[in-house]
Number of protein chains: 2
Amino acid sequence: MTRRRLHLNAFLMNTGHHEASWRLPESDPYAHVELGHYVRLARIAERGTFDSLFLADGPQLWSNFAQRPAGALEPLTLLTALATATEHIGLIATASTSYNSPYNLARKFASLDIISGGRAGWNIVTTAGAEAARNFGLDAEPAHAERYARAAEFLDVALKLWDSWEDDAIVADKAAGVWGDDTKIHPPRHRGKYFGVEGALNVPRSPQGYPLLVQAGSSKDGKAFAARYAEAVFTAQQTLKDAQDFYADLKSLTAAAGRNPDHIKVLPGIVPVIGSTQAEARANEQVLEDHIVYTHGVARLESLLQLPAGTLELDGLLPADLPPESSIEGARSRYTLVVELARRERLTVRQLIGRLGGGRGHLTFTGTPEQVADAIEEWFTLGAADGFNIMPAVLPSGLDAFVDHVVPILRTRGLLRTAYDGTGSEGTELEGAGGTGRPRQTLRERYGLPRPANQYVTPAPGSPALARV
Amino acid sequence: MTRRRLHLNAFLMNTGHHEASWRLPESDPYAHVELGHYVRLARIAERGTFDSLFLADGPQLWSNFAQRPAGALEPLTLLTALATATEHIGLIATASTSYNSPYNLARKFASLDIISGGRAGWNIVTTAGAEAARNFGLDAEPAHAERYARAAEFLDVALKLWDSWEDDAIVADKAAGVWGDDTKIHPPRHRGKYFGVEGALNVPRSPQGYPLLVQAGSSKDGKAFAARYAEAVFTAQQTLKDAQDFYADLKSLTAAAGRNPDHIKVLPGIVPVIGSTQAEARANEQVLEDHIVYTHGVARLESLLQLPAGTLELDGLLPADLPPESSIEGARSRYTLVVELARRERLTVRQLIGRLGGGRGHLTFTGTPEQVADAIEEWFTLGAADGFNIMPAVLPSGLDAFVDHVVPILRTRGLLRTAYDGTGSEGTELEGAGGTGRPRQTLRERYGLPRPANQYVTPAPGSPALARV
Ligand SMILES: Cc1cc2nc3c(=O)[nH]c(=O)nc-3n(C[C@H](O)[C@H](O)[C@H](O)COP(=O)(O)O)c2cc1C
Ligand SMILES: Cc1cc2nc3c(=O)[nH]c(=O)nc-3n(C[C@H](O)[C@H](O)[C@H](O)COP(=O)(O)O)c2cc1C
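This one's a predicted model, so the numbers in the text were calculated from it and none came from an experiment.

> So what's going on with the overall build of chain A? Which residues, and what values?
Looking only at helices and strands, one finds 14 helices and 13 strands in chain A. Seen along its three principal axes, the alpha-carbon backbone of chain A occupies a region of about 80 × 50 × 40 Å. Counting all 469 residues of chain A, 61% fall into the buried class. Of all intrachain contacts in chain A linking residues separated by at least 6 positions in sequence, the fraction that spans at least 24 positions is 76%. In the form shown here, chain A has an accessible surface area of approximately 17,100 Å², with 53% of it arising from carbon and sulfur atoms. Of note, chain A has its 47 positive side-chain charges centred 3 Å away from the centre of its 54 negative side-chain charges.

> I'd love a proper account of the relation of the copies chain B and chain A, names of residues and values included.
With an RMSD of 0.0 Å, chain B superimposes on chain A once it is rotated by 180 degrees and translated 0.0 Å along the axis. Classification of the inter-copy transformation places it as that of a two-fold axis. By C-alpha distance to the rotation axis, the residue of chain B lying nearest is B:Ala81, at 2.7 Å. The overlap is high: 100% of the interface residues of chain B also sit at the interface in chain A, so the same surface is used on both sides.

> Outline the side chain of B:His186, supporting the account with residue identities and numerical values.
Residue and element names in this part refer to chain B. Within the secondary structure layout, His186 lies in the loop between β6 (178–180) and β7 (190–191). In this structure the side chain of His186 is engaged in a polar contact, spanning 2.7 Å, whose partner is the side chain of Glu166. If sequence neighbours within four positions are ignored, His186 has contacts with Asp163, Ser164, Glu166 and Tyr456.

> Lay out the site of ligand 1 in plain terms, naming residues and giving numbers.
Residue and element names in this part refer to chain A. Near ligand 1 there are 25 residues, and of these Asp57, His144, Tyr148, Ser219 and Ser333 occur at the shortest range. Ser219 is positioned such that a nitrogen or oxygen atom in its side chain is 2.5 Å from an oxygen atom of ligand 1. When the free accessible area of ligand 1 is taken as 620 Å², the share hidden by the protein chains comes to 90%. Looking at the shell around ligand 1, the elements that each hand over two or more residues are β4 (120–125), α5 (144–162), β10 (232–235) and α10 (332–344).

> I'd love a proper account of the interface of chain B and chain A, names of residues and values included.
Quoted interface sizes are often the accessible area lost when the parts come together. At the interface, 76 residues of chain B touch 76 residues of chain A. Summing the contributions of chain B and of chain A, the shared interface buries around 6,200 Å²; its carbon and sulfur component is 61%. If you look at where chain B meets chain A, you find six salt bridges. We note a salt bridge from B:Arg191 to A:Asp139, for which the minimum N-O separation is 3.0 Å. Linking chain B with chain A are 41 residue pairs in polar contact (both at pLDDT 80 or more). For the side of chain B that touches chain A, the secondary-structure elements that each account for two or more residues are α1 (35–47), α2 (75–85), α3 (102–115), β5 (170–173), β6 and β8 (196–197) of chain B.

> So what's going on with helix α5 (residues 144–162) of chain B? Residues and values would help.
If you check α5(B), its first and last C-alpha atoms are 27 Å apart, about what 19 residues at 1.5 Å a residue would give, namely 27 Å. The element α5(B) is extensively covered by neighbouring structure, given that 14 of its 19 residues are classed as buried.

> Tell me about the pattern of salt bridges, and please be specific about residues and values.
For side chains bearing opposite charge, pairing can occur when the charged atoms are close. Residues and elements named next belong to chain A. In total, this model carries 52 salt bridges over all chains according to the counting rule given. Here Arg205 and Asp167 are joined by a salt bridge, their closest N and O atoms 3.1 Å apart. Of the two residues, Arg205 sits in the loop between β8 (196–197) and β9 (212–215) while Asp167 sits in the loop between α5 and β5 (170–173), which places them 38 residues apart along the sequence. Residue classification places Arg205 among the buried positions, given a relative accessible area of 10%. The partly exposed category is assigned to Asp167, whose relative accessible area is 49%.

> Just give me the short version of the site of ligand 2, but keep the residues and values in it.
All names here are of chain B. The full set close to ligand 2 counts 25 residues, and Asp57, His144, Tyr148, Ser219 and Ser333 are the nearest of them. Here an oxygen atom of ligand 2 and a side-chain polar atom of Ser219 are 2.5 Å apart. Take Arg332: an N or O atom from its main chain is 3.0 Å from an oxygen atom of ligand 2. Breaking the shell around ligand 2 down by element, the ones donating at least two residues are β4 (120–125), α5, β10 (232–235) and α10 (332–344). The greatest single-element share of the shell around ligand 2, amounting to three residues, is contributed by α10. Tallied by class, residues from the shell around ligand 2 come to nine nonpolar, 13 polar and three charged.

> So what's going on with the UniProt feature "domain: Luciferase-like" (unreviewed entry) in chain A? Residues and values would help.
Per the UniProt record, the feature "domain: Luciferase-like" (unreviewed entry) sits at residues 30–384 of chain A. As a span, residues 30–384 of chain A carries 42% helix and 14% strand, and end to end its C-alpha atoms are 36 Å apart.

> Outline the side chain of B:Arg68, supporting the account with residue identities and numerical values.
Mapped onto the fold, B:Arg68 is located in the loop between β2 (52–55) and α2. Buried charged residue B:Arg68 carries no salt bridge. Nearest counter-charge: B:Glu19, at 5.6 Å. Apart from the residues lying within four places of it in its own chain, the contact partners of B:Arg68 are A:Trp179, B:Met13, B:Glu19 and B:Trp22.

> An account of the packing of α1(B) against helix α13 (residues 397–412) of chain B is requested, with residue identities and associated values reported.
All names here are of chain B. Two elements in contact, α1 and α13, have axes whose closest approach is 9 Å; the angle formed by their N-to-C orientations is 10 degrees. When the axis of α1 is compared with that of α13, the two are roughly parallel. Here Leu41, Ile44, Ala45 and Arg47 of α1 come into contact with α13, specifically with Leu399, Asp400, Val403, Asp404 and Arg411. Tallied by class, the residues present in the contact of α1 with α13 amount to five nonpolar, no polar and four charged.

> Explain the pairing of strand β11 (residues 265–274) of chain B residue by residue, including any values.
Residue and element names in this part refer to chain B. Taking burial as the measure, the 10 residues of β11 include 10 buried ones, the bulk of the element. Burial along β11 is two-sided: the residues Lys265, Leu267, Gly269, Val271 and Val273 and Val266, Pro268, Ile270, Pro272 and Ile274 are all buried. Bridging between β10 and β11 involves four bridges; their strand directions are parallel. Looking across to β11, one finds that Thr235 is bridged to Pro268. The parallel pair β10 and β11 is bridged by helix α7 (residues 240–256), and the resulting crossover is right-handed. Pairing between β11 and strand β13 (residues 387–390): two bridges, direction parallel. For Ile270, the partnering residue across the bridge sits in β13 and is Ile390. Note: β11 against strand β12 (residues 363–367), five bridges, orientation parallel. Pairing of Ile270 across the sheet is with Leu363, part of β12.

Analysis parameters
- Residues numbered from 1 in each chain as written.
- Chains lettered and ligands numbered in written order.
- Predicted model: local features only at pLDDT ≥ 70, side-chain atom pairs only at ≥ 80, totals over all residues.
- Heavy atoms only, no water.
- Helix = DSSP H or I, 4+ residues; strand = E, 2+ residues; numbered from the N terminus.
- Buried < 20%, exposed > 50% of the residue type's maximum accessible area, 1.4 Å probe, protein only.
- Contact = heavy atoms within 4.5 Å.
- Areas by Shrake-Rupley, 256 points an atom, 1.4 Å probe, with all protein chains shown as cover.
- Lys, Arg positive; Asp, Glu negative; His and termini not counted.
- Charge placed at Lys NZ, Arg CZ, Asp CG, Glu CD.
- Least-squares fit on C-alpha atoms with pLDDT ≥ 70 in both.
- Polar contact = N/O pair within 3.5 Å; in protein donor to acceptor, adjacent residues only side chain to side chain.
- Near = heavy atom within 4 Å.
- Buried area = accessible area lost by both parts, 1.4 Å probe.
- Salt bridge = Lys/Arg side-chain N within 4 Å of Asp/Glu carboxyl O.
- Expected span 1.5 Å × (residues − 1).
- Nonpolar A, V, L, I, M, F, W, Y, C, P; charged D, E, K, R; others polar.
- UniProt positions renumbered as here; feature names shortened; annotations may be inferred.
- Axes fitted to C-alpha atoms, helices over the stretch in contact; angles between N-to-C directions.
- Parallel < 35°, antiparallel > 145°, perpendicular 65-115°, else oblique.
- Pairing = 2+ DSSP bridges.
- Right-handed = clockwise from strand over helix to strand, strands pointing away.

Dropping the structure here:
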């Protein structure tokens, strides 16, 4: 029996996940628009045999423009460039179902999947906030339930588009002058509440069939959506107990939705802050906290909690009478996490801002490489995680440190691969993917998931049924 | 005084522009989805010191799926991959103003411009046809005038978005904790007939300010649009006289719109079919014509001319009573070109299909390298063209032949550069754009155009006014 292995995803974000990381002497404040920075990060992650890397995104410029690096290269564009600079690592882009059309987005992901040789993933988000809505002709953010209803229809259409070419639709019979087989093309002819999409996609079915489907909302609606569609889930969890509850809940929701619960991988986010001793790690963390501008943090917290400006006092507690989660139309599960964290640990506003500075609600693991590896192993073996979304506080140094010091321990313990399975041809796509050697794994294979069947193809009698993931 | 130089754009299309090219023994019928094929083509064009390369596009799968290679990698995705495989050549992607939103598209082009170091161009199209419309929730194609009205508003919004960051909006003051200067961010706050876009773009102003703006519709509305916005124009012209008229017309429309007529470059498309003798060239052309499936051609022609199926006879002429151009809601100028070509030369339907097989209405130049160079020089010097859109009938061999045999003649005659200006650092972006040597030219510089001023910045008194292109 094969041993259960940990999955690792590198969550890349300009100079790092800590809001003050850009102020360190080592940091490049223009990193967010430099391809070279991201190429370096991708190659570090590939050296650490990570399953994938990931870019967050939202179609708006945040109002805290003055305070920290803002804006970013569009993720699908950046990942396409990274596809040519790497060979194995999966490439997961965030894109919004609220502010895209299915035809254009399905095509872009299929194109990235082809160009990368089956390494594309989509972090499906519904995008909280009025700023984004106002960039797309709306006056206000659509309601939470409405956004998730649109997301579900978006996925149904996208799946039809990705299946609209059977894998063998191209005939290429030069002598007969027949290039394609019309009977293997299946136009969606979709007419729904949010979308009308008549025709087939204008790109063939890609190596993975379609990108790995990832989801990152943890509200009730978010979990229901994940149970139905997602193959991997990013989540922010502050305690082992919460993470175990979330894990069990999502697996059972997935089973209840008629899917194999092994086919959804749960990846909590962690911010590792490493030092050669615990004291050194804590000192590294302190340097970051010393660079936080607390007045900015207060304003941001007031906005998340939907409080009028000036409500919060830096050395006071959160008010007792905050609104219930159900009244929040924005990032619902993040709201609850922050409020519960503050109450559970009786944090002052200042302390809360310090705790959120690293990962905006994700757990910070501060310690020696052994301690970080222990924490990872504990969550992994005690039913809290199938792997982790690694969110270094400072980039590239934090990712380097993780790969140099934590990855070897995880490998020694047999938790992480020591090399990528499947070598294929040596070069990148640019040299042309040769047919020599064992083919490289697709992203979906690396996560231990089956290639999805095409909904328009009836499996031949007697053939093993391909699971709809 | 510097000599006027020819501009060359390589129009890449899977196995070539001739509809039967995929049937030749040398052709790879899967080329349209192979990155390696396009990398090879881009490098050939770069060897020929072309200004740029270009990908056409439409968001639909054509109904002639069975007959010839269909579908394609999404152009912005493919060009991003090509950006990392090339160093100098401009990268022009087609994208539709009818089926995109300005915020998303402006961001993608800005990202490509940054990643490519200032080499992005946008072929702005309004997309004819009901197939595309039905993939975006519409029942029918929007009217021709309506599409161009939307295109104009789309451009106004996109230009506001690209100018929404001043070039020096990033301050990066680590000590003070100030990353950006809010006063240098200019949210569009646009509310128009087709679009509402409130906020600034979430990516900084790119090396070129914005992509080179290219246009390719030649109807009256199309020309008016080009005169207002375009910096380069692709056009299909069948005779020197027509090309001269078009050229003069567009330059004077551009002047009448208050712009410098030198700041719009006219690039007719030509399909060069080359042989070492004229007879060999003609034989090469004949091989292609022999591979045309004429029944398919008839159906396609009936669709373009909006005639009921079965109207046309292969060895007859076009009917005399075709509808006027103004009644065509689709590709209006292409319709007129085809009808005029058939009437002028009294072509049978079979002959017309043969003539259109190569370039779908673009002129085929068949001959020796000298003859092709002569034709190019003639059009260039007699006021018909600022350069050409080179559309090889077969790819990659036709592009190779043009670069190996026609380019040297053009260089000897002093019509074409012998090397790219500006070498910059040696490697591609992936190695990081170093600051050594003369910086590489941007695409806009290569076309002899100024970097556009930012509409939100008043030029300092006494400084040379930066032209709005
Ligand atoms: C690791 C992680 C990454 C996320 N990345 C994004 C993102 O890039 N864009 C986005 O709009 N939301 C992102 N989210 C937020 C969620 O997708 C979701 O929009 C938010 O939590 C609100 O959903 P909910 O109300 O279901 O919790 C992310 C969440 C997590 C845990
Ligand atoms: C060289 C060339 C390339 C073109 N490429 C495209 C294209 O990729 N997509 C598209 O929709 N139209 C393309 N067109 C067509 C025009 O942009 C335009 O949509 C069509 O001619 C109808 O416009 P009109 O009615 O103004 O002539 C191209 C035209 C030319 C001359």
